[in-house]
Amino acid sequence: MSRTGVFVCHCGSNIAGALDVERVAAAAGKLPGVRYAASYKYMCSEQGQQLVKDAIAEHELDRIVIASCSPRMHENTFRKLLKDTPVNPYMLEIANIREQCAWVHADREQATEKAVDLVRMAVAKVAKNKPLHSSFIPVHKKALVIGAGIAGIQAALDIADAGYEVTLLEKESSIGGHMVMLDKTFPTLDCSACISTPKMSEVAAHPNITLMTGSTVESVGGYVGNFDVAIRQKARYVNHDICTGCGLCETKCPAKVTSEFNQALCTRTAVFRPFPQAVPAKPVIDPESCRKLIGKAKCGVCQAVCPLGAIDFEDKDKLITDTYGAIVVATGYELVDWAPLYPEYGGGKYSDVITGLQYERLVNASGPTEGKILRPSDKSVPKDVVIVKCVGSRDKKKGRAYCSRACCMYSAKHAHQILEKIPGARVTVFYMDVRTPGKNYEEFYDRAREDGARYVRGRVAKIFRENGKLICRGEDTLLGRGVEVPADMVILETAMTPAQDIRELCAKLTISTDEYGWVQEAHPKLRPVETQTAGVYLAGACQGPKDIPDTVAQAGAAAAKVCILFSKNEIEGSPMISAVDENKCCGCSACVRVCPYRAVMLEEIDSRELSGAVKRQVARVNAGLCQGCGACAASCRTGAIDLLGFTNAQILKEVDALCL
Amino acid sequence: MRLNKKDLNKILSILAEGRELFVPGQVRGIKQFKLWEGEAPELDGENTILPPKDILFPKTEKMYTYKTGTEAEIAEIVDMPERIIFGLRACDMRSIECMDSVFIREGFEDSFYARRRAKSLIVAIACSGAGVNCFCESMGLDPNAAPSADIFLSDGGDCYGVEANTERGAAELKKWAEYLTEGDVPKSETHCSLAPAMSRELSKKLTGIFDDDELWQEVTGPCIQCGTCSFVCPTCYCFDINQADAGGEGVAFRCWDSCMFSDYNQNAGGHNTRPTKKQRLRNRYLHKLAYFNERHGMELCVGCGRCISKCPAHLDIAEFIDKTAEVCHD
Amino acid sequence: MLRYAYYPGCSMDTTGVTYRISIEYLAKKIGLELMEIPDWNCCGASSAHAKGKWQALALPARNLAIAEKRLPGLDICVPCAACYARLLAATVAIRESAETRSRIEEITGVTVKANANILTLMDVLGTEEGMAACAAAATRKLTGLKVACYYGCLTSRPQAITGIENIESPELMEKIVSLSGVECVDWDFKTECCGGSHQVDAPTAARPLVERIFRNAKSNGAQAIVTACPMCHLNLDMREEEINRKMGTAYDIPVYQFTQLLAVAMGASAKEVGLQKHFYPAFKRLDRTLRKAGTLQ
Amino acid sequence: MSDIQSALRERARELLEDGKVEYVIGWESARGEDKTRPAFIRKAEDAGRLVWNRFCVNSTAKYLLHDRWPKGKIAVCARGCDTRAINRMLSDGQIKRENVYILGIPCEGVENKICQRCAHRNPLVYDELLGESVEEKTDFDRFANVREMQEMTLEQRRKMWEDEFTKCIRCYACRNVCPACSCRECYADQYRTGWQGKQFNSVENRVYGLTRAYHVGDRCIECGECERVCPMDLPIMLQTGKMLMQCNELFGDYECGLSADEIPALGTYNLNDADSFG
Amino acid sequence: MPVNKKWMPKILAFCCNWCTYTGADLAGLNRMKYPADVRVLRVPCSSRVNPQFVLRAFQKGCDGVMVCGCHPGDCHYTSGNYYTRRRFMVLKEMLEFNGIEPERFQTRWISGSEAAKFRDTVAEVSELVTKLGPNTVFNERRAENV
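Residues numbered from 1 in each chain as written. Chains lettered and ligands numbered in written order. Predicted model: local features only at pLDDT ≥ 70, side-chain atom pairs only at ≥ 80, totals over all residues. Heavy atoms only, no water.

Description of the domain arrangement of chain D
Bring the parts together and some accessible area is lost; that lost area is often taken as the interface size. All names here are of chain D. The condition is simple: Domain segmentation is taken from an automatic or database assignment of domains. By definition, residues are in contact when any of their heavy atoms lie within 4.5 Å. In this description, buried area is defined as the sum, over both parts, of the accessible area (probe of 1.4 Å) that is lost when the two are combined. Each salt bridge in this description consists of a side-chain nitrogen of Lys or Arg and a carboxyl oxygen of Asp or Glu lying within 4 Å of one another. In protein, a polar contact means a hydrogen-donor-capable atom and an acceptor-capable atom, both N or O and within 3.5 Å, with residues adjacent in sequence counting only if both atoms are side-chain atoms; elsewhere, any N or O pair within 3.5 Å suffices.
With domains assigned, chain D is organised as domain 1 (2-129) and domain 2 (144-267). With 24 residues of domain 1 at the interface, the matching set in domain 2 holds 28 residues. For the pairing of domain 1 and domain 2, the buried interface totals around 2,100 Å² over both sides, and the portion due to carbon and sulfur atoms is 45%. When the buried surface of domain 1 facing domain 2 is broken down by residue, K62, R84 and R88 rank first, second and third, together holding 32% of it. Between the two partners, domain 1 and domain 2, sit five salt bridges. Residue K113 pairs with E227 through a salt bridge whose shortest N-O separation is 2.7 Å. Linking domain 1 with domain 2 are 16 residue pairs in polar contact (both at pLDDT 80 or more), by the criterion used here.

A short note on the confidence of the model for chain D
The test is simple: Confidence scores here are pLDDT values: one per residue, from the predictor, ranging 0 to 100.
Considering every residue of chain D, the mean pLDDT works out to 92; 100% of them sit at 70 or more. Scoring the predicted complex yields pTM 0.72 and, for the interface, ipTM 0.74.

Digging into the interface of chain D and chain A
Taken together, the contacts link 20 residues of chain D with 20 residues of chain A. When the two sides are added together, the surface that chain D and chain A hide from each other amounts to roughly 1,800 Å², 51% of it contributed by carbon and sulfur. Three residues, W69, R184 and W195 of chain D, lead the burial of chain D against chain A; their summed loss comes to 37% of the area buried on that side. At the junction of chain D with chain A, the criterion picks out one salt bridge.

A word on the domain arrangement of chain C
Residues and elements named next belong to chain C. Defined as follows: Numbering goes from the N terminus for both helices and strands, where a helix is a DSSP run of H or I of at least four residues and a strand is a run of E of at least two. Any residue that is not Ala, Val, Leu, Ile, Met, Phe, Trp, Tyr, Cys, Pro, Asp, Glu, Lys or Arg is counted as polar, Gly included; the first ten are nonpolar and the last four charged.
Once the domains are mapped, chain C shows domain 1 (3-121) and domain 2 (139-293). Computed over C-alpha atoms only, the centres of domain 1 and domain 2 are separated by 25 Å. With 24 residues of domain 1 in contact, the opposing surface of domain 2 contributes 24 residues. Here domain 1 meets domain 2 over a buried area of about 1,900 Å², counting both sides, of which 78% is carbon and sulfur. The largest share of the area that domain 1 buries against domain 2 comes from T18, Y19 and Y25, three residues that together contribute 29% of it. Counting across the domain 1 and domain 2 interface gives four residue pairs in polar contact (both at pLDDT 80 or more). Elements represented by at least two residues in the side of domain 1 that touches domain 2 include exactly α1 (17-30) and α4 (81-96). When residues of the side of domain 1 that touches domain 2 are assigned to their parent elements, the largest contribution, ten residues, is made by α1. Its residues placed into classes, the side of domain 1 that touches domain 2 shows 17 nonpolar, six polar and one charged.

Topic: the interface of chain A and chain E
At the junction of the two partners, chain A supplies 44 residues and chain E supplies 45 residues. Buried surface at the junction of chain A and chain E, summed over both partners, amounts to about 4,000 Å²; 58% is from carbon and sulfur atoms. Together, R72, Q100 and W103 of chain A form the three largest contributors to the area buried by chain A at its contact with chain E, with a combined 16%. With its nearest N and O atoms 2.8 Å apart, the salt bridge here joins R39 of chain E to D117 of chain A. The tally of links from chain A across to chain E stands at 18 residue pairs in polar contact (both at pLDDT 80 or more). Among the elements of the structure, α3 (71-83), α4 (108-127), α16 (590-594), α17 (631-635), β34 (641-643) and α18 (648-658) of chain A are those that each provide at least two residues to the side of chain A that touches chain E. At seven residues, the largest contribution of residues to the side of chain A that touches chain E is made by α18 of chain A.

Quick notes on α1 of chain C
Given 3.6 residues to a turn, an α-helix orients residues that are three or four positions apart in the same direction. Residues and elements named next belong to chain C. Heads up, the rule is: Given the number of residues in a helix, its expected span is that number minus one, multiplied by 1.5 Å. When a residue's accessible area, from a 1.4 Å probe over protein chains only, is under 20% of the maximum for its type it is buried; when over 50% it is exposed; and in between it is partly exposed.
Here α1 contains 14 residues, and its C-alpha end-to-end distance of 20 Å stays within 8% of the 20 Å for a straight helix at 1.5 Å per residue. Most of α1 sits inside the fold, with ten of its 14 residues counted as buried. Burial in α1 covers these residues: V17, T18, Y19, I21, S22, I23, Y25, L26, A27 and I30.

Things to note about the sheet that holds strand β18 (residues 326-329) of chain A
Residues and elements named next belong to chain A. Here is the rule: Should DSSP find at least two bridges between two strands, the strands are regarded as paired. To get an axis, a line is fitted to the C-alpha atoms, and for a helix only the part in contact is used. The angle between two axes follows their N-to-C directions and goes from 0 to 180 degrees.
Read across the sheet, five strands follow the order β10-β7-β6-β18-β29 without closing on themselves; strand pairing throughout is parallel. Edge strands, defined here as strands with exactly one partner in the open sheet, are β10 (209-213) and β29 (536-538). With direction set aside, neighbouring strand axes in the sheet form an average angle of 20°. Bridge analysis of strand β7 (residues 165-170) against β10 gives five bridges, and the strand direction is parallel. Within the sheet, the bridge partner assigned to L168 lies in β10 and is L211. Strands β6 (142-146), β18 and β29 of the sheet are contacted by helix α15 (residues 548-566), whose axis makes an angle of about 160° with β29.

A closer look at unusual backbone geometry
Residues and elements named next belong to chain A. Looking along the chain, the bond that leaves F186 and enters P187 is cis, with omega of -10°. Checked against the element boundaries, P187 lands in the loop between β8 (184-185) and β9 (190-191). The omega angle of the peptide bond from V279 to P280 is -5°, so this bond is cis rather than trans. Residue placement: P280 occurs in the loop between β15 (271-272) and β16 (284-285). Of note in the backbone geometry, K379 takes a positive phi value of approximately 55° without being a glycine. K379 sits in the partly exposed class, given a relative accessible area of 49%. Positive phi outside glycine occurs at R394, with the angle close to 50°.

Remarks on helix α6 (residues 192-205) of chain A
Residue and element names in this part refer to chain A. Our working rule: The arc in question is formed by the directions pointing from the helix axis toward the C-beta atoms.
For α6, built from 14 residues, the straight-helix expectation of 20 Å at 1.5 Å per residue is met to within 8% by its first-to-last C-alpha distance of 20 Å. Within the span of α6, buried status applies to S192, A193, S196, T197, M200 and V203. Looking straight down α6, one finds its buried side chains confined to an arc of 115°; they lie on one side. Against α5 (150-161), β7, β8, β9 and β10 lie the buried residues of α6.

Overview of the nonpolar core
Nonpolar side chains in soluble globular proteins tend to be buried together. To keep things clear, this is the line we draw: In these notes, a set of buried Ala, Val, Leu, Ile, Met, Phe, Trp, Tyr and Cys residues joined through side-chain atoms within 4.5 Å is what counts as a nonpolar core.
Ranked by internal contacts, the top residues of the largest apolar core, which has 236 residues, are V24 of chain D together with F14 and V54 of chain E. Per element, the largest residue contribution to this core is ten residues, and it comes from α4 of chain A. Residues within four places of V54 of chain E in sequence aside, it is in contact with F14, V49, V65, V67, F88, L91 and F105 of chain E. L26, M131, A228 and F258 of chain C belong to the second largest nonpolar core, which has 49 residues in total.

Some remarks on the pairing of strand β3 (residues 73-78) of chain D
Residue and element names in this part refer to chain D. With five of six residues buried, β3 lies mostly within the body of the structure. Note: strand β1 (residues 21-29) against β3, four bridges, orientation parallel. For Y23, the partnering residue across the bridge sits in β3 and is I74. Two elements, β3 and strand β4 (residues 100-104), share five bridges in a ladder whose sense is parallel. Bridge assignment links A75 to a residue of β4, and that residue is Y101.

Topic: the arrangement of the chains
The structure contains seven pairs of chains in contact, of which chains A and E account for the largest number of contacts. What separates chain B from chain C at the closest point of their C-alpha atoms is a distance of 46 Å, and the two make no contact. Looking at chain C next to chain D, you find no contact at all, with the nearest C-alpha pair sitting 19 Å apart.

Points about empty space enclosed by the protein
Keep this limit in mind: Cavity and pocket criteria rest on a 1 Å grid covering protein atoms alone: a 1.4 Å probe that fits but cannot get out defines a cavity, protein on both sides within 12 Å along at least 5 of 7 lines defines an open pocket, and an atom within 4 Å of a point defines a lining residue. Grid points are joined across faces, edges and corners, and a volume is the space filled by probe spheres set on the points.
This structure, assessed with the given rule, holds 18 cavities of 30 Å³ or more. Roughly 310 Å³ of volume is contained in the largest cavity. What lines the largest cavity is a set of 26 residues, and nearest its centre among them are E93, I94, K125 and E654 of chain A together with R42 of chain E. For the lining of the largest cavity, the elements supplying multiple residues, two or more each, are α3, β4 (92-96), α4 and α18 of chain A together with β2 (38-43) of chain E. Broken down by element, the lining of the largest cavity gets its largest block of residues, five residues, from β4 of chain A. Here the lining of the largest cavity is composed, by residue class, of 14 nonpolar, five polar and seven charged.

A word on the state of the cysteines
Put plainly, two cysteines are in a disulfide when a covalent bond ties their sulfur atoms together. Residues and elements named next belong to chain E. How we decide: Disulfide: a pair of cysteine sulfur atoms within 2.5 Å of each other.
Enumeration according to the criterion identifies one disulfide over all chains in this entry. The disulfide partner of C19 is C70, and the S-S distance across this bridge is 2.3 Å. Taking the torsion about the sulfur-sulfur bond, which here is approximately 105°, the covalent link between C19 and C70 counts as right-handed. In this pair, C19 sits in the loop between β1 (11-16) and α1 (20-29) while C70 sits in the loop between β3 (64-69) and α3 (80-97), placing the two residues 51 residues apart along the sequence. Owing to a relative accessible area of 8%, C19 belongs among the buried residues under this scheme. Overall, C70 belongs to the buried group, its relative accessible area being 3%.

Things to note about the side chain of S180 of chain C
All names here are of chain C. The topology assignment puts S180 in the loop between α9 (172-177) and β6 (183-184). Among the residues examined, S180 registers a relative accessible area of 0% and is labelled buried. Residues contacting S180, with those up to four places away along its chain left out, are R140, K141, L142, L261, L262 and A265.

Dropping the structure here:
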């Protein structure tokens with residue numbers, strides 16, 4: 001028979017002021033199994049806790065009910081208290097007679113009656129509680145960072161500097177992501193290459209970092225501390241161990257394909273390095289454009305030319321599996337494909353209507369025009385330039401209501417660069433609002449206007465060609481009239497969107513995305529770099545549009561979270577997880593289907609049945625993965641799988657107690 | 001004595017004065033013994049689907065209420081109204097003899113059953129129509145007589161022959177004096193269509209085939225281990241005791257149980273003495289036809305055929321008897 | 001089989017007379033059967049449309065009901081863009097909500113299922129069969145004439161109802177009218193607003209809109225503008241001289257219905273396509289083209 | 001009927017002679033010509049006992065659960081509804097397909113009222129088909145009885161179910177004959193956890209009735225065995241029928257036992273499921 | 001219960017810990033007032049509520065039962081309330097089919113910040129059930145049931 005102790009808290013006047021705590025304690029005293037009932041002014045205080053300890057010792061209590069505030073407030077306080085008493089911390093139930101009783105019922109009599117009911121339910125439930133002990137999960141101190149833009153690079157470096165092994169994956173053939181494409185960065189106008197290439201080479205040289213380019217995640221199994229990850233590394237057709245990166249093959253390759261890195265402003269060869277400062281600084285062969293690999297022609301000139309014989313057309317994709325303790329998702333962003341969304345801006349018909357990134361490649365020294373701003377159509381220097389902001393952002397009709405955060409600043413940067421590099425240029429910026437939320441951002445925006453950028457408040461309704469000029473027709477809402485600005489070149493600051501295959505990757509990591517595909521953080525304010533799946537963290541634009549300063553800050557935060565995880569050899573899992581009674585389980589896999597975390601699997605066991613020893617299937621719970629939601633317990637018809645802490649017996653007793 | 005059938009209703013109202021009168025009748029489409037509400041009882045046709053067992057040995061019977069806490073109180077439930085079972089046939093009468101032997105005569109006297117039995121007057125009637133599954137004659141019964149009933153009515157066409165077999169019966173007949181006339185009524189000649197080769201020797205020999213696995217596997221194959229046969233059988237008397245607990249106070253009750261259920265033989269610690277259906281059905285047949293005989297001197301099967309008509313797997317105890325009769329002879 | 005129910009609409013006998021007679025010529029030439037819906041009523045475009053939603057739906061719905069009963073199984077060809085927009089809006093509203101349908105049936109007193117599809121004349125001629133028939137009949141090529149195809153607004157908007165992919169620069173009229181041998185220029189004001197009815201109540205405000213269209217057409221080398229709706233044709237054709245006079249421009253761009261060019265290419269004389277009824281002289285341009293192309297006959 | 005019966009006997013004898021199967025589950029005639037009983041033929045010479053006529057009403061499939069770990073294959077004579085039961089048990093992972101040798105019997109309906117509402121007279125899965133397939137019946141509304149019930153007022157329904165469940169004697173025949181009821185230990189037998197009281201009263205009976213309907217509702221193959229075996233003639237199919245009708249209306253047309261890897265409606269979800277909750 | 005006191009229904013509300021329970025606490029923090037006849041039973045997720053618990057509540061004499069959880073899509077365990085939705089859309093119909101007034105059983109989606117919605121829901125359900133009166137359909141506390 002249980003020996004229960006009931007402690008009713010006054011909570012100063014919060015509870016005692018609204019209901020008769022003495023009567024509740026007295027009523028509790030008469031409940032079956034209750035050996036001791038008392039009330040006290042502040043149960044969570046030192047003296048209150050001491051009262052509990054003394055009562056346990058004196059009355060040999062084996063389970064405790066605290067009638068006080070919400071369990072969400074002090075459940076842990078009282079669990080910690082029980083740790084240094086003979087009573088198991090989980091032989092405890094809290095009756096919420098403050099937030100859900102004293103504070104919300106004016107009638108003192110009804111409040112008291114309800115409090116008695118709530119205490120009776122808690123006592124009935126605690127009678128069926130069982131001592132629970134935490135399970136411990138080993139931690140592999142090795143991290144996997146997916147995506148090697150500035151976010152992934154920074155996170156990998158921080159984790160590696162903390163002394164842990166890191167594998168850094170990058171889908172493309174070189175790391176650097178979008179940042180390395182930029183010319184200058186706001187607000188300091190640092191040259192983007194100068195501040196990112198050193199980090200890229202540091203990554204390549206770091207002893208703790210294994211860099212794997214052309215690699216994507218094939219599958220993820222296991223759980224926090226023990227993720228079994230299969231990685232697919234695409235065939236490079238160039239043996240990077242032998243190749244010295246001399247570039248001879250690139251000069252001889254006959255194939256001409258649009259360069260993705262240079263935003264299709266120029267072409268590249270089939271064996272190529274995306275840009276001069278690529279890391280690893282060795283070329284790869286693109287199977288879709290190499291004539292020999294497509295099988296169109298014999299070619300193979302690069303193989304013939306290569307002094308070291310590094311070219312190998314028989315190269316195959318490699319599948320590497322490894323175990324990681326933590327995973328950081330840093331897959332970054334892509335620019336929205338604006339052409340189909342904006343037929344009114346010519347829908348991609350006019351080559352002189354370019355995106356911000358294409359402009360960055362034009363103005364970048366290592367770009368197709370060696371930094372000279374020449375418009376793509378006739379390579380002439382554009383005198384009149386129009387910059388259109390919020391193309392695809394902040395526009396429900398075009399499918400994205402969010403603001404892409406960084407374009408206000410880099411459009412001011414573009415205006416400044418054009419005015420500086422092209423004497424006599426006239427720059428008009430069409431804007432709705434200019435948002436400058438960072439340090440020195442507002443001052444940067446002022447400088448752009450002082451340089452002569454003309455900011456017109458209104459959206460561009462139509463861009464059309466007339467007399468050799470691109471007419472940007474919009475509205476100046478401040479003057480309240482339509483306006484038409486002829487331009488030689490138009491830069492569209494297009495919206496950021498998540499990487500193409502992000503939903504697929506999130507499905508593998510069992511983390512969710514929002515409606516647009518941005519990865520869902522555990523809590524927007526309190527846990528921005530964590531996800532619902534323990535051990536999987538986020539950094540950078542994959543979580544939502546952001547600029548480089550925020551991205552680097554998040555990368556550091558994610559690295560810190562990984563280091564916290566790796567600081568212990570094992571993690572304490574919550575004991576309130578599901579458990580299976582193998583005697584009752586008939587292996588119907590109803591629970592396996594409903595588990596959101598794939599924490600329950602069918603396993604074959606040896607079992608003595610009437611017809612002798614047989615093998616049969618039963619459900620098994622993986623303590624690391626189970627988050628304790630209880631969907632399996634409710635789906636199990638025979639009650640074989642049950643959620644410890646909220647077992648069927650406990651809840652049934654709680655329901656019965658309500659109506660006595 | 002003779003009783004004109006037209007006066008039956010008056011007799012029933014005499015019987016029902018201050019007492020609960022149970023007569024065969026339809027309750028929601030199921031013929032069973034029900035409280036008489038003035039309608040004409042369904043005395044002819046096939047026997048009731050549910051036996052009168054429920055009256056003396058109810059499905060669920062409150063034994064006592066209790067209150068825990070500092071001073072525990074246990075209040076036994078004693079209220080028991082006078083009852084009359086009217087329209088009983090020979091087979092059901094024999095089943096009451098069996099129950100009496102179990103609950104009263106042999107070994108420990110069950111106070112609950114005994115109290116109910118003492119307050120029950122039984123008016124049996126000659127069997128007016130043997131069902132297709134009836135075989136009471138093979139079990140040594142005469143469908144047209146019920147020697148142990150308080151009052152027995154034999155069927156004389158437009159009137160009943162009335163005779164009292166016990167003093168209670170005789171005392172009761174005094175109240176009917178006004179409607180009784182002299183003269184007796186010839187015994188009716190109802191016979192069973194089914195006659196399995198049951199006999200006392202077979203009952204003795206049955207325990208001999210306990211280990212004949214092949215036979216039992218074949219006989220018990222179709223059984224689905226439900227409780228239908230137990231709960232329609234007039235003589236199954238197994239019960240389970242449990243509490244309906246309502247937080248420290250509640251009721252202890254006794255309710256029907258069936259040896260066919262898987263958890264019937266579940267011992268503490270999980271061991272089950274009769275885990276397979278072969279063992280359980282064997283136990284049931286042998287208990288009905290052999291074990292009971294050893295202790296109480298009569299078979300526990302009265303041949304009413306209710307289990308045969310209601311068995312989902314169409315198992316048939318009569319066929320079993322014939323089959324084992326062959327096996328036992330050679 | 002080129003056989004459709006036909007809803008002419010009110011402007012066919014008035015401002016759109018050139019459109020009507022060129023359609024009739026064209027239909028005869030290529031064997032297109034247009035079965036006029038008997039006792040058709042106003043499509044609710046102008047006034048009703050502005051006054052109330054239910055009136056604007058009930059009026060076209062009545063036409064649909066008659067077409068369903070009297071011309072079952074035929075899709076409805078609607079040459080005028082405004083009528084097309086109203087009939088299509090009614091069809092979509094009825095198909096999408098049973099409640100709207102019962103309300104309309106209550107108002108009009110007729111049952112209407114709206115299972116017939118609503119097509120513009122361009123849709124009809126743009127079908128494989130239509131194109132083949134026109135190509136075969138259009139022997140007299142108007143080579144050398146550069147035209148800008150102007151769609152106006154109602155054949156493509158609202159996108160939710162018309163379902164047109166690219167509402168900024170549709171391609172359908174180019175496809176059909178080039179059968180007559182003309183060369184279609186690439187310009188950007190295909191679906192720009194022509195001011196619509198505001199040409200009447202606010203001419204000074206609406207005039208620049210039409211001037212804008214002429215300016216873009218001219219700067220992209222167009223010698224004529226082609227339309228597929230009586231309202232578009234009227235607003236461009238009638239206002240050209242006024243614009244030249246009032247805004248000091250010198251546009252010399254006649255405005256034709258695409259069916260007129262096709263009819264002429266099929267051998268129709270100037271009178272048979274009503275060139276003499278234009279506000280801005282339209283004969284000279286065509287005549288010179290034919291003469292230069294040596295196909296005047 | 002008779003050529004199927006002779007084919008059945010012959011194939012059973014051959015299977016037993018070749019030792020391909022341990023035993024054959026079929027039907028044999030019981031006392032009286034209008035009754036048959038499930039038969040377990042183990043020896044080839046006993047194959048003659050097998051019968052196939054319109055009195056073969058017992059479902060043979062559930063007996064596979066009485067021998068979950070057989071030494072060899074078990075042959076089972078299966079009508080359309082029996083094969084649906086086999087699919088049910090396969091989907092629930094209770095039997096292995098390789099343990100079962102299915103002798104499919106096209107059935108034109110036996111002496112069971114459910115056969116008027118049977119849409120699958122031809123076996124859905126079999127190793128052998130003994131006879132040509134018969135024409136399926138489609139002229140019936142699967143949920144006629146449920147719809148009829150719904151016409152009644154709430155009070156009428158309350159009264160009707162209260163009466164019906166007072167009749168129930170908790171013999172658990174409906175549970176023991178149902179192919180969807182395959183738990184090792186039924187919740188009703190777990191008195192310690194306290195799901196279900198042992199006492200026989202209308203409320204406990206209702207709890208049992210509704211709970212079982214909920215447990216098997218979205219997996220019920222509408223074989224009608226529960227109603228056939230109920231000694232007290234309770235309309236059990238109304239409860240599971242209502243569940244199936246709800247699944248039909250809410251989650252798209254829904255019928256169970258049609259394949260061996262079905263996901264029950266309540267065991268999965270769809271992002272835009274019907275949601276009339278606030 | 002003293003005769004003159006107005007009969008108060010007993011309503012059980014299964015509330016999911018992450019959303020509705022938090023919402024209820026928030027209602028407390030804001031000192032919102034609502035009828036005192038609802039008792040909250042905390043469960044980790046609305047998908048933990050087995051329909052048998054609802055039957056149990058009615059059997060033991062509850063007059064109304066509520067199952068409250070996060071809005072579909074917001075579930076802390078990603079898919080918990082999708083199962084809740086299906087299970088109780090079907091149970092609602094089954095209860096009505098068996099003669100229990102449908103208003104006695106309610107399922108509502110109440111998020112952690114919707115304190116007002118929790119208060120209004122409780123008030124609404126309490127009023128509904130009070131109008132219906134005591135639950136007699138499924139209630140074993142009636143005389144003849146032991």
